[in-house]
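An overview of the molecular structure
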Amino acid sequence: MKNFYTRAAAVALAAMAAVAALAGCSTPQGTGGAGAGGDASNAKIAFLMPDIASTRYELFDKPLFEAKIKSLCSGCSVIYSNANASAAKQQEQANSALAQGVKAIVIDPVDSAAAATIVNTAKAQNVPVIAYDRPIPSVPASYYVSFDNEKIGSLIAQSLVDHLKQTNAKGGLLQVNGSPTDAAAGLIKKGIHTAVDSSGLKLLAEFDTPGWEPTKAQDWVSGQITQFQGQIAGVVAANDGTGGGAIAAFKAAGVNPVPPVTGNDAELAAAQRIIAGDQYNTISKPIKIVAEAAADVAYKFAKGEKPEGKTTLFDTPSELFVPTVVTIDNLNESLVKSGILKASDLCTSTYAAACAKAGIK
């Protein structure tokens with residue numbers, strides 16, 4: 001009888017071990033790196049954008065990302081949210097997306113430090129997070145897709161420095177950086193300094209623009225115009241919004257002509273200011289490139305794959321694309337002929353004569 005019970009116990013233990021082994025085989029591996037995997041034919045993917053101060057997110061990033069996801073997976077859906085510059089709101093949107101069962105989160109963080117909580121929460125649920133445009137330095141995301149932000153800063157600044165030297169401009173520079181809570185802005189700022197600090201031109205003052213808000217950039221530049229009257233040779237602004245704010249400040253102060261001002265994002269309004277001679281440059285970084293790359297990466301994660309990065313930034317597998325500086329000299333080729341902007345949108349009645357002069361039609 002004793003042998004019978006011993007044999008029965010052995011059989012039971014063997015059965016339990018087999019069940020455990022099968023369970024182990026079906027358990028998703030990793031902690032947010034490769035997603036839950038399995039059937040992704042009806043996957044939900046979150047696309048969380050940071051603000052409405054920049055028009056690009058609603059006009060370009062969202063529709064381009066959604067279109068690429070549809071082309072990859074007709075049954076997939078995108079849960080889109082815009083945080084309107086609120087880190088707390090973005091946290092709520094991420095929590096809501098997780099509650100809806102998303103298989104991946106693509107996020108352009110309002111606050112790069114605060115976004116670490118979103119990454120950790122998602123990883124605890126085995127949901128990968130793809131940082132988009134702005135990195136998340138403190139906690140490695142699953143992937144990072146962006147244009148090279150440090151390169152952007154160095155390109156716009158060096159372009160302006162070269163122009164000022166060629167025209168024998170007198171005076172110093174103002175530097176209008178992006179949001180202090182945005183790690184991408186920090187990279188752009190670093191890139192700007194590599195060109196400005198070695199230029200031989202005096203940096204009169206610099207400012208980190210809260211939330212990238214053009215009105216705050218305008219207010220700050222207005223104060224500098226008063227303080228450095230007649231001494232400002234140019235302004236290195238980190239994007240088209242802050243550049244537009246700087247230009248508005250000079251116009252309000254009656255400064256004519258406006259000193260050369262940089263930008264970044266190739267917004268329609270910025271291109272029109274370049275044609276009119278109010279803005280010196282911008283950066284062409286076709287949003288289609290990063291939006292489609294992010295969609296491709298997100299869908300691969302949703303299927304349980306783990307895409308390899310082309311490089312690594314902040315301990316995160318990354319793909320960084322190289323942007324193009326745009327001035328009046330190559331605007332037609334870079335923005336119009338390339339299809340990024342339409343001549344009909346660019347050359348309204350206000351800008352018709354300037355467009356004709358620049359050969360844009």
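Along each chain, residue indices are assigned from 1 in the same order as the chain's sequence is written. Reporting of local features is limited, given that this is a predicted model, to residues whose pLDDT is at least 70; pairs of side-chain atoms are given and counted only at 80 or more, and all residues count toward the totals for whole chains, interfaces and linings. For side-chain calculations, the full set of non-hydrogen atoms in the structure is used, while hydrogens and water are omitted.

1. What to know about the environment of Val261
- By the element assignment, Val261 lies in the loop between helix H8 (240-252) and helix H9 (268-276).
- A C-alpha to C-alpha distance of 9.4 Å links Val261 and Leu174, two positions 87 residues apart in sequence.
- Only heavy atoms enter the contact rule, under which two residues are in contact if any of them lie within 4.5 Å. When near neighbours in sequence (up to four residues on either side) are disregarded, Val261 contacts Val235, Ala237, Gly243, Ala246, Ile247, Gln279, Tyr280 and Asn281. Strands are runs of DSSP state E lasting at least two residues, helices are runs of H or I lasting at least four, and both sets are numbered from the N terminus onward.

2. Quick notes on the layout of surface pockets
- In this structure, the largest pocket spans a volume of roughly 330 Å³.
- Contributing to the lining of the largest pocket are 18 residues, with Phe60, Ala266, Ile287, Ile340 and Leu341 lying nearest its centre.
- Listing elements by their share of the lining of the largest pocket, those giving two or more residues are helix H2 (56-72), H9 and helix H10 (287-302).
- Broken down by element, the lining of the largest pocket gets its largest block of residues, 4 residues, from H2. Using only the protein atoms, space was sampled on a 1 Å grid; points where a 1.4 Å probe fits but cannot get out form cavities, open sets with protein on both sides within 12 Å along at least five of seven lines form pockets, and lining residues are those with an atom within 4 Å of a point. Grid points are joined across faces, edges and corners, and a volume is the space filled by probe spheres set on the points.

3. Observations regarding empty space enclosed by the protein
- Within this structure, the stated rule accounts for 3 cavities of 30 Å³ or more.
- In terms of lining, the largest cavity is formed by 19 residues, of which the most central are Tyr57, Arg134, Trp212, Asn239 and Asp265.
- Secondary-structure elements contributing two or more residues to the lining of the largest cavity are H2 and helix H6 (183-196).
- Gly is put with the polar residues, along with every residue not named as nonpolar or charged; the nonpolar set is Ala, Val, Leu, Ile, Met, Phe, Trp, Tyr, Cys and Pro, and the charged set is Asp, Glu, Lys and Arg. The residue makeup of the lining of the largest cavity, split by class, is 6 nonpolar, 5 polar and 8 charged.
- By volume, the second largest cavity is sized at about 40 Å³.
- Along the walls of the second largest cavity sit Ala87, Gln90, Gln91, Asp111, Ala114, Ala115 and Ile118, which together make up its complete lining.
- When contributions to the lining of the second largest cavity are tallied by element, the ones reaching two or more residues are helix H3 (87-99) and helix H4 (115-124).

4. A word on the pairing of strand S11 (residues 316-321)
- As judged from the 4 bridges shared by strand S5 (residues 143-147) and S11, these two strands associate in the parallel manner. Pairing of Phe147 across the sheet is with Phe321, part of S11.
- If DSSP finds at least two bridges between two strands, the strands pair. Alignment of strand S10 (residues 311-313) against S11, held across 3 bridges, turns out to be antiparallel. In the sheet register, Leu313 faces S11, and the bridge partner there is Thr316.
- The turn joining S10 and S11, which pair antiparallel and follow one another in sequence, is formed by 2 residues; a positive phi near 55 degrees is taken by Phe314.

5. A short note on the side chain of Thr209
- Inspection of the secondary structure puts Thr209 in the loop between strand S7 (203-208) and helix H7 (214-227).
- Looking at Thr209, the relative accessible area reads 0%, which means it is buried.
- If we skip the residues at most four places from it in the chain, Thr209 touches Val176, Asn177, Gly178, Ser179, Pro180, Lys216, Ala217 and Thr242. Burial status follows relative accessibility: with a 1.4 Å probe on protein chains alone, a residue under 20% of its type maximum counts as buried, one over 50% as exposed, and anything between as partly exposed.

6. Observations regarding the confidence of the model for the protein
- Each residue gets a pLDDT score, which is the predictor's confidence in that residue and runs from 0 to 100. Scored by pLDDT, the protein comes out at a mean of 91, with 89% of its residues at no less than 70.
- Contacts for the low-pLDDT stretch residues 1-35, under 50 throughout, to residues beyond four places or in other chains number 23 contacts.

7. Quick notes on the packing of H3 against H4
- Whenever a helix is involved, its axis is fitted only over the stretch in contact; in every case the axis is a line through C-alpha atoms, and angles between N-to-C directions fall within 0 to 180 degrees. At a closest axis distance of 10 Å, the pairing of H3 and H4 adopts a crossing angle of 10 degrees. Here H3 is positioned roughly parallel relative to H4, judged by the angle of their axes. Where H3 crosses over H4, the handedness of that crossing is right-handed. On H4, the residues touching Gln90, Gln91, Ala94, Asn95 and Leu98 of H3 are Thr117, Ile118, Thr121 and Ala122. The labels follow the angle: roughly parallel below 35 degrees, roughly antiparallel above 145, roughly perpendicular from 65 to 115, and oblique for the rest. The hand of a helix crossing depends on one turn: near helix anticlockwise from the far one by less than a right angle means left-handed, and clockwise means right-handed.

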